[in-house]
Amino acid sequence: LGRMKPVIVVHGGAGRIFKEREEGSRAGVVRAALRGYRILKQGGSALDAVEEAVRSMEDDPHFNAGCGSVLNEKGEVEMDAIIMDGKNLDSGAVSAVKCIANPIKLARLVMEKTKHMLLTDSGAHLFAQAMGIPETPGEKLITERSRERWKKNLEPDSNPEEFQKDLGTVGAVAIDSEGNVACATSTGGLSNKLIGRVGDTACIGSGGYADNHSGATSTTGHGESIMKVVLARLILYHMEQGMSPEMAADTALDYMKTRVGGLGGVIVVNSSGEWAARFSTKQMSWATVEDDQLYYGIYAGERHTKSVGEALASESEGF
């Protein structure tokens, strides 16, 4: 069998990225893509690569996932995450989890250590304890920015909807040298959301979907709209009908916009390793690595290119 050339695509959320956060968002998605690609390059699995890429963004306070997540109406962080294996359609997800640094790790454990696909709230918490995942005090996950925004949204004349434009779910899709695809998505959800609100991220087919027969996708944007059209699965359906990743993504995003007025963004890789990063919002931070070339951008039509060597050299972390 011919070896596939591995590809990883990541996103740091669709919406409006405020000027002062652009650099951090760009650097964060680039770092995540390079980390995931390093795993693929060493012959690692798509599953490990997407988990690592998402973990990297959960740990980065620039993104609305893990540390840096937005707060619910009560001022707490409640997070959702999903991971899916395109080989056998196995998936694991968690929703409304608190006090965990990396919900994506917990989602992977749900997939591999239980017969279930989705654990929520206190049950997810008990499972995390059983798996020996250290508890992170809630305050540790809260950034100054999230608290500021939460307070602003509590003011009687505030309009949380206005702030939702800066959504920042994170996600990754990949294909490895064996031709297996995987997706992973993680989020803190909507700012000032009702306690117990679960969006699209934890829902299979909405926040993400992966199937070796067609490809993998991870979504970001207005969760309720994404759920209405089952966006991730819709994109794969269009690819099954013969569309390219870019065409499939645009068609599905366009349908979501015209049918339910929802905006969002998606990253896609198909079973032959073609990829796309598309969005109907003003911006989406994204990065891709294939053939030792890094591509990244935030604005529509923006696409920077660097060699991986060059990119690693300028990574101050010098992995």
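Residues numbered from 1 in each chain as written. Predicted model: local features only at pLDDT ≥ 70, side-chain atom pairs only at ≥ 80, totals over all residues. Heavy atoms only, no water.

A. Spatial organisation of the layout of surface pockets. The volume enclosed by the second largest pocket comes to roughly 300 Å³. In this structure, the second largest pocket is lined by 15 residues; those nearest its centre are Glu246, Ala277, Arg278, Trp286 and Gly301. Listed by contribution, the elements that provide at least two residues to the lining of the second largest pocket are helix H10 (245-260) and strand S10 (275-279). With five residues, the single largest contributor to the lining of the second largest pocket is S10. Considering only residue class, the lining of the second largest pocket consists of eight nonpolar, two polar and five charged. (1 Å grid on protein atoms, 1.4 Å probe; cavity = no way out; pocket = protein on both sides within 12 Å on 5 of 7 lines; lining within 4 Å. Points joined across faces, edges and corners; volume = space filled by probe spheres on them. Helix = DSSP H or I, 4+ residues; strand = E, 2+ residues; numbered from the N terminus. Nonpolar A, V, L, I, M, F, W, Y, C, P; charged D, E, K, R; others polar.)

B. Spatial organisation of the sheet that holds strand S4 (residues 118-120). One open sheet accounts for nine strands, arranged S4-S3-S2-S6-S5-S1-S11-S12-S13; its pairing is mixed. Each edge of the sheet is formed by a strand with only one pairing partner; in this case those strands are S4 and strand S13 (304-307). Along the sheet, successive strands turn relative to each other by an average axial angle of 10°, direction set aside. When strand S1 (residues 7-15) meets strand S5 (residues 170-175), the two strands line up antiparallel, connected through five bridges. Within the sheet, the bridge partner assigned to Val10 lies in S5 and is Ala172. Taken strand by strand, helix H1 (residues 19-41) contacts S1, S5, strand S11 (283-290), strand S12 (293-299) and S13, and its axis lies near 25° from that of S11. (Pairing = 2+ DSSP bridges. Axes fitted to C-alpha atoms, helices over the stretch in contact; angles between N-to-C directions. Contact = heavy atoms within 4.5 Å.)

C. Spotlight on the pairing of S11. Taking burial as the measure, the eight residues of S11 include eight buried ones, the bulk of the element. Inspection of the sheet shows S1 paired to S11 by seven bridges, in the antiparallel sense. In the sheet register, Val10 faces S11, and the bridge partner there is Ala287. Where S11 and S12 come together, six bridges link them in antiparallel fashion. Each residue of the ladder has a partner; that of Trp286, found in S12, is Gly297. Linking two consecutive strands that pair antiparallel, namely S11 and S12, is a turn of two residues; a positive phi of about 50° is found at Asp291 within it. (Buried < 20%, exposed > 50% of the residue type's maximum accessible area, 1.4 Å probe, protein only.)

D. Structural view of the side chain of Ser69. Relative to the helices and strands, Ser69 is located in the loop between helix H2 (46-58) and strand S2 (79-85). What makes Ser69 buried here is its relative accessible area of 0%. A polar contact is formed between the side chain of Ser69 and the backbone oxygen of Gly66, at a distance of 2.8 Å. Setting aside residues up to four positions removed in sequence, Ser69 forms contacts with Phe63, Asn64, Val77, Met79, Leu141, Ser146 and Gly188. (Polar contact = N/O pair within 3.5 Å; in protein donor to acceptor, adjacent residues only side chain to side chain.)

E. Looking closely at the UniProt feature "active site" (unreviewed entry) in the protein chain. Taking the UniProt record as the reference, the feature "active site" (unreviewed entry) is found at Thr169. For Thr169, the position within the fold is in the loop between helix H7 (160-163) and S5. Looking at Thr169, the relative accessible area reads 5%, which means it is buried. (UniProt positions renumbered as here; feature names shortened; annotations may be inferred.)

F. Focus on the nonpolar core. Within the largest apolar cluster, 52 residues are counted, with the highest numbers of intra-cluster contacts made by Ile8, Val10, Ile83, Leu106, Ala287 and Val289. It is H1 that provides the largest number of residues to this core, a total of eight residues. Counting 34 residues, the second-largest nonpolar core is a separate cluster that includes Met84, Ile175, Leu231 and Met256. (Core = buried A, V, L, I, M, F, W, Y, C linked by side-chain atoms within 4.5 Å.)

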